[in-house]
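Summary of the model geometry
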Amino acid sequence: MDDQTSWTPGDLPKPPQPAAPSWSTPSAPAAPDGSFHQGSPSPGSPYQGSPYPPAAGPSPYSPPQPTGYPPPTTGPAYAAPAVPTLGYPGPAAPGYPPMPGQPFGQPYGAPYGPYPMPAADPGTDGFAIAALVFGILGGWLALIFGFIALSRIKKSGARGRGMAIAGLSIGAAWIVIGILAAVAIPVFVNQRHEALHNQCAGGDMAACDQLYNSSAAGSDDKDFGNTCGGRTEGGYLCTSIGAVTYGDNDHLDSLWDACAGGDGAACDELSWSAAPDSTYAQYGQTCGGRTDGRTDCVDALSQDDSST
């Protein structure tokens, strides 16, 4: 039976101690020149136990000198958390909330890029304002300024695009209205003259006078109204046809009264408004019985007023 270590109850047994190694230090190997070096470096030398003598000068086999830093800790290696990049998207830095207004994914306290300077405000384009003004006033210049303004705004980025479009629209509307009026007015005038011509031909002397006054000189309607639809030789109002003396025509009566009061212009108008052989015409030619009828009443009565 093997010997066992005795122990007392309540005491822990001591572990067995390993025996000393039974091998011896190997002999020194041969030097590079084939000889053997006897002996060993002094105790404490880094070459203790080496068969080679120490080389002169600093040895490349010297152990690293202390640098002042603490020795690395033992145990599993500690990996520092990776710092996220500044790109988007990316998780925020662990343990730090994002700063207000900071881009998502940028760690707390990370430097910002260069602050963009705000672009200068180009303001409102002047051609756009001019286009709107000319459009309101009504002119074809609104179209020119409007197109120029749109081209300038597209290049400069200025404000006023709505004003330019409004000026173009209003200016185009005015041009369309002008074209329509240029076409419609002559048509209306021709229709009006045609209606007066028919009324004058039917015996409406007032229509003959209106046709004479509204027609162009030298036109057929002018001659037709002057002759009262071909009834007279012309030269007086058609409404005075058949009016011979005072009381036959209200308009000629009013001229008679004004001429009697000394209005020379009324006397002259009465002389050419009434029929040549009528009492109205003779009273107007003699300026209300004041002259022999050889001079205008305006001149004659003005001379009489200045002499008195």
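In this report, we go over the structure that sits alongside the text. (Residues numbered from 1 in each chain as written. Predicted model: local features only at pLDDT ≥ 70, side-chain atom pairs only at ≥ 80, totals over all residues. Heavy atoms only, no water.)

1. What to know about the overall build of the protein
Per the secondary structure count, the protein includes nine helices and zero strands. Across the protein, helices and strands are ordered from the amino to the carboxyl terminus as α-α-α-α-α-α-α-α-α. Expressed as a percentage of the 308 residues in the protein, the buried residues total 24%. Restricting the contact set of the protein to residue pairs at least 6 apart, pairs at least 24 apart contribute 40%. In the structure as shown, the protein presents an accessible area of about 22200 Å², 61% of it carried by carbon and sulfur atoms. (Helix = DSSP H or I, 4+ residues; strand = E, 2+ residues; numbered from the N terminus. Buried < 20%, exposed > 50% of the residue type's maximum accessible area, 1.4 Å probe, protein only. Contact = heavy atoms within 4.5 Å. Areas by Shrake-Rupley, 256 points an atom, 1.4 Å probe, with all protein chains shown as cover.)

2. Some details on the packing of aromatic side chains
As enumerated under the stated definition, the model contains five aromatic pairs in all. Through pairs of rings, three or more aromatic residues link up here, namely Tyr246, Trp256, Tyr280 and Tyr283. We note lysine 222 situated over the ring of tyrosine 212; from NZ or CZ to the ring centre the distance is 4.2 Å. (Phe/Tyr/Trp six-rings, centres within 6.5 Å; stacked < 30°, edge-to-face > 60°. Lys NZ or Arg CZ within 6 Å of the ring centre and 35° of its normal.)

3. Observations concerning the packing of helix α2 (residues 141–156) against helix α3 (residues 161–201)
Interhelical geometry of α2 versus α3 gives an angle of 155° and a closest axis separation of 8 Å. Between α2 and α3, the interaxial angle falls into the category roughly antiparallel. The two elements α2 and α3 cross, and the hand of that crossing is left-handed. On α3, the residues that touch Ala142, Leu143, Gly146, Phe147, Ala149, Leu150 and Ile153 of α2 are Arg161, Ala164, Ile165, Gly167, Leu168, Gly171, Ala172 and Ile175. For the contact of α2 with α3, a count of residues per class yields 11 nonpolar, three polar and one charged. (Axes fitted to C-alpha atoms, helices over the stretch in contact; angles between N-to-C directions. Parallel < 35°, antiparallel > 145°, perpendicular 65-115°, else oblique. Left-handed = near helix turned anticlockwise from the far one by under 90°. Nonpolar A, V, L, I, M, F, W, Y, C, P; charged D, E, K, R; others polar.)

4. Brief notes about the pattern of salt bridges
Tallied over the entire structure, the rule returns two salt bridges. We note a salt bridge from arginine 152 to aspartate 125, for which the minimum N-O separation is 2.9 Å. Residue arginine 152 is found in helix α2, and its partner aspartate 125 is found in the segment before α1 (126–137); the two are separated by 27 residues along the sequence. (Salt bridge = Lys/Arg side-chain N within 4 Å of Asp/Glu carboxyl O.)

5. Considerations on α1
Taking 1.5 Å of rise per residue, 12 residues should cover 16 Å, and α1 covers 17 Å from first to last C-alpha, within 8% of that figure. Taken as a whole, α1 has its buried residues at Ala128, Ala130, Ala131 and Gly135. Axial view of α1: buried residues confined to an arc of 160°, hence all on one face. Within α1, the exposed residues directed more than 90 degrees away from the buried face are Ile136 and Leu137. Elements in contact with the buried residues of α1: α2 and α3. Between a side-chain oxygen at the N-terminus of α1 and the backbone nitrogen of phenylalanine 127 the separation is 2.9 Å; the capping residue is aspartate 125. Within two residues after α1, glycine 138 carries a phi angle of roughly 90°, on the positive side. (Expected span 1.5 Å × (residues − 1). Arc of directions from axis to C-beta. Polar contact = N/O pair within 3.5 Å; in protein donor to acceptor, adjacent residues only side chain to side chain.)

6. Concerning the side chain of aspartate 125
Taking the relative accessible area as the measure of exposure, aspartate 125 reaches 5% and is therefore buried. A polar side-chain atom of aspartate 125 sits 2.9 Å from a polar atom in the side chain of arginine 152.

7. Topic: the nonpolar core
Core analysis: the largest hydrophobic core is formed by 14 residues, its most contacted members being Leu252, Leu255, Trp256, Leu270, Ala274, Tyr280 and Tyr283. Sorting the residues of this core by element identifies α6 (250–260), α7 (264–273) and α8 (279–285) as the ones contributing at least two each. Counting residues per element, this core draws most heavily on α6, at four residues. The residues touching tryptophan 256, leaving out its near neighbours within four places in the chain, are Tyr246, Leu270, Thr279, Tyr280 and Tyr283. (Core = buried A, V, L, I, M, F, W, Y, C linked by side-chain atoms within 4.5 Å.)

Bear in mind that shape data such as this cannot, by itself, settle questions of function.
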